[in-house]
Amino acid sequence: MVATSTIATLVVASAASLFMAWAIGAGSSGSTPFAPAVGANAISVMRAGFFVGILGLAGAVLQGANVTEAVGSELVLFPSGGGLSAIAAIVALLTAAVLVAVGIFTGYPIATAFTVTGAVVGVGLAIGGQPATAKYIEIVSLWVLTPFVGGGIAFGTAWSLRHEATTEERLVPLLGGLVGVILANIEFVLLAPGSEQASVARAVARAAGTPVLPSMAVVTLLAGVIAGGLLYLDIRADAAAGQRHFLLVMGGLVAFSAGGSQVGLALGPLVPLLGEGPTAAIPITGVLLFGGLGLLIGSWTGAPRMIKALAQDYSSLGPRRSIGALIPSFIIAQAAVFFGIPVSFNEIIVSAIVGSGAAAGGGEVSREKMGKTVLAWVGSLALAFGLSYGLFWIIDAVL
């Protein structure tokens, strides 16, 4: 009887996690990465939804471990160790998923990281956990800095691409080289043994048997030169086509990064439940694949509506401003994945879109829409915390 009850609870918790993954795929990770590219008419809405699902799945499997661990074990501290109970995980996941789903169907980008963080902290404190103050400082710092850093970089990039003193033939390849440098140094699960992670630069250095740091520097420089050189040749052949190709590549990289970051929001509360019994043998890649499939389904079934909202309702974007929006989005997303900090892709992309749009004049940015969005972000955090805390308290009192 006990075993049957445990399995049934785990099945319900897994279903709640899958629902959360669907909501994230349909919302933040599925809609935001290609929104600037759609706004610049570089790709259609339906094609964007298709590719973002596949790339999000790949990112979830290859890069999702850090944020998953953070959400599962670092948001609330328990003196006895461990994480959320099965009931607490179900309450947190369902609360956050419902709020995100409401945002999807009303057309407003609810910040997924805000809702999941608020829900997990709410149920965690309700079952007797202690606040993880140091982690909260890291998370809030990133959340507060994102609009200023992301929007500022987006503004500067878009302004530089439009300015008469700069030439796109040189600046765009330089940006491509920067992306190549970052790609060589982001970490992936499959490049290291077990559940460890390693970057392409480090993996090549280890395989070559040469001194690690000098070899990593050479690989990094080579990656930047190759990426920038290829883009330079593309721009020289056809400037408009080269911009469009770069824009699509950046959308794909942001989609990949979204999968690596956002899958942890769906799987984090579930992971502590998988550490005991027959599920303990499931590798982390298997768990990440489960969440990635949820993101994939969400992207294919629910993302087009939000892609349209972000691409057209916030700012009228051309290729230059779209590139300006995606560069900081990729950088911030990878920084969050590296440090294991849950971050809202809606916040990242919307801030970057507004920053790049402002480079052409603030009149193209919908202030009313932005005001409602910020209120939705703040409200979702408080509402998720209050609802999850209250629901668990009621369930605990009844049972």
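Residues numbered from 1 in each chain as written. Predicted model: local features only at pLDDT ≥ 70, side-chain atom pairs only at ≥ 80, totals over all residues. Heavy atoms only, no water.

*Asks:* What's the story with the overall build of the chain in this structure? I'm lost.
*Replies:* When its secondary structure is counted, the chain shows 16 helices and four strands. A buried classification covers 54% of the 399 residues belonging to the chain. In the chain, of all internal contacts separated by at least 6 residues, the share reaching a separation of at least 24 is 84%. Within the structure as shown, the chain displays about 16500 Å² of accessible surface, and the carbon and sulfur contribution to it stands at 70%. (Helix = DSSP H or I, 4+ residues; strand = E, 2+ residues; numbered from the N terminus. Buried < 20%, exposed > 50% of the residue type's maximum accessible area, 1.4 Å probe, protein only. Contact = heavy atoms within 4.5 Å. Areas by Shrake-Rupley, 256 points an atom, 1.4 Å probe, with all protein chains shown as cover.)

*Asks:* Quick question: what am I supposed to make of the packing of aromatic side chains here?
*Replies:* Aromatic ring pairs are defined here through the distance separating the ring centres and the angle between the ring planes. For the coordinates displayed, the defined rule picks out seven aromatic pairs. Here Phe 19 and Trp 22 contribute two aromatic rings whose centre-to-centre distance is 6.3 Å and whose plane-to-plane angle is 15°, an arrangement assigned as stacked. Placement of both Phe 19 and Trp 22 in helix α1 (residues 2-26) is noted, with a separation of three residues, approximately one turn of the helix. By relative accessible area, which is 30% here, Phe 19 ends up partly exposed. (Phe/Tyr/Trp six-rings, centres within 6.5 Å; stacked < 30°, edge-to-face > 60°.)

*Asks:* When you look at the nonpolar core in this model, what are you seeing that I'm missing?
*Replies:* Proteins that are soluble and globular tend to have nonpolar side chains buried together. In this structure, Met 20, Phe 246 and Met 250 are the most contacted members of the largest nonpolar core, which totals 96 residues. Element by element, the count of residues in this core is highest for helix α12 (residues 239-267), at 12 residues. Leave out the neighbours within four places in its chain, and Met 250 touches Val 179, Leu 326, Ile 327 and Phe 330. (Core = buried A, V, L, I, M, F, W, Y, C linked by side-chain atoms within 4.5 Å.)

*Asks:* Please clarify how α12 should be interpreted in this entry.
*Replies:* In an α-helix, one turn spans 3.6 residues, which is why side chains three or four residues apart end up on the same side. For α12, with 29 residues, the first-to-last C-alpha span of 42 Å sits near the 42 Å given by 1.5 Å per residue. A maximum bend of about 25° is found in α12 at Gly 260. Of all 29 residues that make up α12, 23 are buried, and the element is covered over most of its length. If you check the start of α12, you find a side-chain oxygen 3.2 Å away from the backbone N of Ala 240, and it comes from Asp 238. (Expected span 1.5 Å × (residues − 1). Bend = angle between axes of the 7 residues up to and from the residue. Polar contact = N/O pair within 3.5 Å; in protein donor to acceptor, adjacent residues only side chain to side chain.)

*Asks:* Which parts of the structure should I look at to understand the packing of helix α5 (residues 65-73) against α12?
*Replies:* Axes are the key here: two packed helices are described by the angle between their axes and the distance separating the axes. Viewed as axis vectors pointing N to C, α5 and α12 meet at an angle of 30°, and their least axial separation amounts to 7 Å. One element, α5, and the other, α12, form an angle in the roughly parallel class. Crossing of α5 over α12 shows right-handed handedness. Touching Val 67, Thr 68 and Val 71 of α5 are Gly 260, Ser 261, Val 263, Gly 264, Leu 265 and Leu 267, all from α12. Across the contact of α5 with α12, the residue classes tally to five nonpolar, four polar and no charged. (Axes fitted to C-alpha atoms, helices over the stretch in contact; angles between N-to-C directions. Parallel < 35°, antiparallel > 145°, perpendicular 65-115°, else oblique. Left-handed = near helix turned anticlockwise from the far one by under 90°. Nonpolar A, V, L, I, M, F, W, Y, C, P; charged D, E, K, R; others polar.)

*Asks:* Got a minute to help me understand the confidence of the model for the chain in this structure?
*Replies:* For the chain, the mean per-residue pLDDT works out to 82, and 87% of the residues sit at or above 70. Within the chain, helix α2 (residues 28-31) has the poorest average pLDDT of any element, 65, and helix α11 (residues 212-237) the best, 93. (pLDDT = per-residue confidence, 0-100.)

*Asks:* Would you take a moment to explain the packing of helix α8 (residues 133-162) against helix α14 (residues 319-339) for this structure?
*Replies:* Their axes nearest at 8 Å, the elements α8 and α14 cross at an angle of 155°. Relative to α14, the element α8 is oriented roughly antiparallel. Like other packed secondary-structure pairs, α8 and α14 cross with a definite hand, here right-handed. Contacts from Lys 135, Leu 142, Thr 146, Gly 150, Ile 153, Ala 154, Thr 157, Ala 158, Leu 161 and Arg 162 of α8 reach α14 at Arg 320, Arg 321, Ile 323, Gly 324, Ala 325, Pro 328, Ile 332, Ala 336 and Phe 339. Among the residues forming the contact of α8 with α14, the class breakdown is 11 nonpolar, four polar and four charged.

*Asks:* What is the right way to look at the environment of Ser 351 in this model?
*Replies:* Inspection of the secondary structure puts Ser 351 in helix α15 (residues 345-358). Exposure remark for Ser 351: the relative accessible area of 8% places this residue in the buried category. Separated by 22 residues in the primary sequence, Ser 351 and Ser 329 have C-alpha atoms spaced 9.0 Å apart. Those residues in contact with Ser 351 that sit more than four places away from it in its chain are Thr 146, Pro 147, Gly 151 and Asn 346.

*Asks:* I tried to follow the pattern of salt bridges on my own but got confused; where do I start?
*Replies:* Charged atoms that come close allow side chains of opposite charge to pair. All chains considered together, the criterion is met by two salt bridges. Lys 135 serves as the salt-bridge partner of Glu 74, at 3.1 Å between the closest nitrogen and oxygen. Of this pair, Glu 74 sits in the loop between α5 and β1 (76-77) while Lys 135 is found in helix α8, placing the two residues 61 residues apart along the sequence. Measuring nitrogen to oxygen at the nearest pair gives 3.5 Å for the salt bridge that ties Lys 135 to Glu 138. Taken together, the positions of Lys 135 and Glu 138, both in helix α8 and three residues apart, correspond to about one turn of that helix. Among the residues examined, Lys 135 registers a relative accessible area of 9% and is labelled buried. Judged by its relative accessible area of 39%, Glu 138 is partly exposed. Through salt bridges with shared partners, a single ionic network connects Glu 74, Lys 135 and Glu 138. (Salt bridge = Lys/Arg side-chain N within 4 Å of Asp/Glu carboxyl O.)

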